Amino acid sequence: MFCIKTILALVVLFVAGILFLGPRLRRWANKRSKIWFNDFNKQYLKDCKELFRPTQEKIFKCLHQMPEIRPLKVVEIGAGAGANFDFLPKNTELVCIDPNEYAKKDLLIKAEQYPDIKVTFEIGVAEDLSSLADESVDAVIATHVLCSVKDLNQSLKEVLRVLKKGGKFMFMEHIEDVNGSRIHFWQHFLKVPWHFALQGCNLTRTTNVSIQKAGFSNIEMDIFELGFKKTLFKLIGRHCAGVATK
């Protein structure tokens, strides 16, 4: 459904909007890109749901093992359409922060299926969580979003700032493939068009290294390959996932 030709067509549309079209058409091109990305993300998560589930179950287990803090205050960065709702404990207060306003409708529809979780949605970015006070949340979630933030180190600083002492940061992110591999070559070859077509997604980001250097007191992390069948998704097959403790 989503192939290289589609991505390249979107790149042409976006670049044309920047270089040749007026402000109104540039805004229109950006809007269409956001809407398409939201649709792509929903399809991607639907296609890969069973592949992701074992990892999600593993990293979210820590929420159910935390002391009886209720309500549990959790922030999810780039919540998309709510793919992680299944794994949250009951009586959780979840703040979803996403820069894509077109994700809000689908997320709130999904939230209606989880009456024991109080969900709020905010337009925002990971680099600026100023709506949240220092040491005010029990956990932060980031799954398939840190690839797209403009400043990864600043985003991780914000995660550490808002987490309470002993708070958990759960993450699952695609990362750069092994140097010298065929996938590694294609990641670098397609890095720029992929970035433009998929709202800033970075194929060559080493998020695992940045998390290790961010300043968490303890990190449990796995590096693994997801067995994607679709050729396009193999570009983001190598993953890091785990739980970091402040």
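Here the structure is a predicted model, which is why all the values come from computation and not from measurement.

Asker: Where do I start with helix H6 (residues 182–189) in this structure?
Answerer: The periodicity of an α-helix, 3.6 residues per turn, causes residues three or four positions apart to be oriented the same way. Along H6, the positions that sit buried rather than exposed are Ile183, His184 and Gln187. For H6, the angular spread of the buried residues around the axis is 100 degrees, confining them to a single face. Turned more than 90 degrees from where H6 packs its buried face, Arg182 and Phe189 sit exposed. Residues of H6 that are buried in the fold lie against helix H7 (191–197).

Asker: Where do I start with the state of the cysteines in this structure?
Answerer: Scanning the entire structure with this criterion turns up 0 disulfides. The thiol of Cys201 is not disulfide-bonded; the next cysteine sulfur, from Cys147, is found 3.7 Å away. Accessibility expressed as a relative area gives 7% for Cys201, which makes it buried.

Asker: Honestly, the nonpolar core in this entry has me stumped. Any pointers?
Answerer: General note: in soluble globular proteins, nonpolar side chains tend to be found buried as a group. Membership of the largest hydrophobic core comes to 40 residues, with the highest contact counts inside it found for Phe85 and Met170. The element contributing the most residues to this core is helix H3 (residues 49–65), with 5 residues. When neighbours within four sequence positions are excluded, Phe85 is seen to be in contact with Leu94, Cys96, Leu107, Lys110, Ala111, Tyr114, Ile117 and Val119.

Asker: In this structure, what is going on with the sheet that holds strand E6 (residues 218–225)? I would like to understand it.
Answerer: Strands in a sheet are paired, the pairing made by backbone hydrogen bonds, and the direction either parallel or antiparallel. Read across the sheet, 7 strands follow the order E3-E2-E1-E4-E5-E7-E6 without closing on themselves; strand pairing throughout is mixed. Looking at strand neighbours, the two that pair on one side only are strand E3 (117–123) and E6, the edges of this open sheet. Strand after strand, the sheet turns through a mean of 15 degrees between neighbouring axes, direction not considered. Examined bridge by bridge, strand E1 (residues 72–77) and strand E4 (residues 137–143) share 4 bridges and lie parallel to one another. Its bridge partner being in E4, Val74 is matched across the sheet by Ala139. On top of the sheet, helix H4 (residues 104–111) reaches strand E2 (92–98) and E3; it is set at about 175 degrees to E3, its chief contact. Running over the sheet, helix H5 (residues 152–162) touches E1, E4 and strand E5 (163–174) and is turned about 145 degrees from E5.

Asker: What am I meant to see in the environment of Thr207 here?
Answerer: Looking at the element boundaries, Thr207 is found in helix H8 (residues 207–213). Of the residues examined, Thr207 reaches a relative accessible area of 0% and is grouped as buried. For the pair formed by Thr207 and Ile175, sequence separation is 32 residues and the distance between their alpha carbons is 6.2 Å. Discounting chain neighbours no more than four positions away, the residues touching Thr207 are Leu146, Leu152, Glu173, His174 and Ile175.

Criteria and thresholds
Residues numbered from 1 in each chain as written. Predicted model: local features only at pLDDT ≥ 70, side-chain atom pairs only at ≥ 80, totals over all residues. Heavy atoms only, no water. Buried < 20%, exposed > 50% of the residue type's maximum accessible area, 1.4 Å probe, protein only. Helix = DSSP H or I, 4+ residues; strand = E, 2+ residues; numbered from the N terminus. Arc of directions from axis to C-beta. Contact = heavy atoms within 4.5 Å. Disulfide = S-S within 2.5 Å. Core = buried A, V, L, I, M, F, W, Y, C linked by side-chain atoms within 4.5 Å. Pairing = 2+ DSSP bridges. Axes fitted to C-alpha atoms, helices over the stretch in contact; angles between N-to-C directions.

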